[in-house]
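Architecture and fold: a report
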Number of protein chains: 2
Amino acid sequence: MKIKPEYCKVHDALSILVGKWKPIILLYLMSEGTMRYGELKKALVGITPKMLTNQLRELEEEGLINRKLYPEVPPKVEYSITEYGMTLKPILDSMHEWSMQHKKRKLEITMD
Amino acid sequence: MKIKPEYCKVHDALSILVGKWKPIILLYLMSEGTMRYGELKKALVGITPKMLTNQLRELEEEGLINRKLYPEVPPKVEYSITEYGMTLKPILDSMHEWSMQHKKRKLEITMD
DNA sequence: AGATATAGTATCCAAAAAGATACTATTGGA
DNA sequence: TCCAATAGTATCTTTTTGGATACTATATCT
């Protein structure tokens, strides 16, 4: 059997999660429900505005999050997870679970 | 609550799976048990030897796969999944499952 | 009139990941 | 002696991703 990465289902799911800040943003919105741009910026220590906007836009394009712009000045923008975005929760959970179970592994190994 | 990507558990798990060919290699070894370098090379359409070696080394360093060198000429090297590598199966499964359920989504959306 | 708050843009630069292509070591066999 | 087979290396280039830093628009408030 031969295969290309693009034909791999796992690769498909993985690729929409890849991005330095994407998983955290999704997790935040999943638990907080809705957050403003500025709140996210404060929460995500070290993120630049460019990166934040970029990651949000990509998540939005995938249909995973919602962007709601209030026509006020100064501007107000709220981000929230979509129903579709919520379907990723089992995946994120399984990764969280795995990391919790194996977080000590590297330490154990290097202690040999 | 503030957070950096490196402190995110999901990010931890994700990062060891990221690499263009890593998921496929893991899936192959999980199902085939053991494969030689040349077999992998044939299976992974379009991969360069450099990339194959690189991905294998990184997986090996993480302890996810095993490299067994037979001291023969021409050389023979067999790769196999480790027990630890197998613990990733639930994650890969959940991603596969998700992709199967949502593979039509983009098409549906763009058809509006 | 000038400062303030918010959600971004615009540029330029550095680092990391991936791709193309050619090359190597070894030795048993023709 | 030269070739084939296997599992890689070595180099160089391109693409992608991320980082630093400065700037903007605009109604409201003072």
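So, a few notes on the structure that sits alongside this text.

Looking now at the protein's contact with DNA strand D. Lys-20 and Lys-50 of chain A together with Arg-36, Arg-67 and Pro-75 of chain B are the nearest of the 20 residues found near DNA strand D. At 2.4 Å, a side-chain N or O of Lys-20 of chain A approaches a phosphate oxygen of DNA strand D. Contacts to DNA strand D include Arg-36 of chain B, whose side-chain N or O atom sits 2.8 Å from a phosphate oxygen. Elements represented by at least two residues in the surface near DNA strand D include exactly α4 (49-61) of chain A together with α3 (37-43), α4 (49-61) and β3 (76-81) of chain B. The greatest single-element share of the surface near DNA strand D, amounting to four residues, is contributed by α4 of chain B.

To continue, consider the protein's contact with DNA strand C. Around DNA strand C there are 20 residues in total, and Arg-57, Arg-67 and Pro-75 of chain A together with Lys-20 and Lys-50 of chain B lie nearest to it. Sugar plus phosphate, as a fraction of atoms of DNA strand C within 4 Å of the protein: 63%. The separation between a phosphate oxygen of DNA strand C and a polar side-chain atom of Arg-67 of chain A is 2.5 Å. Take Lys-20 of chain B: an N or O atom from its side chain is 2.4 Å from a phosphate oxygen of DNA strand C. Residue assignment for the surface near DNA strand C shows that the elements contributing at least two residues are α3 (37-43), α4 and β3 (76-81) of chain A together with α4 of chain B. No other element matches the four residues that α4 of chain A contributes to the surface near DNA strand C. By residue class, the composition of the surface near DNA strand C is nine nonpolar, four polar and seven charged.

The rules behind each value
- Residues numbered from 1 in each chain as written.
- Chains lettered and ligands numbered in written order.
- Predicted model: local features only at pLDDT ≥ 70, side-chain atom pairs only at ≥ 80, totals over all residues.
- Heavy atoms only, no water.
- Near = heavy atom within 4 Å.
- Polar contact = N/O pair within 3.5 Å; in protein donor to acceptor, adjacent residues only side chain to side chain.
- Helix = DSSP H or I, 4+ residues; strand = E, 2+ residues; numbered from the N terminus.
- Nonpolar A, V, L, I, M, F, W, Y, C, P; charged D, E, K, R; others polar.

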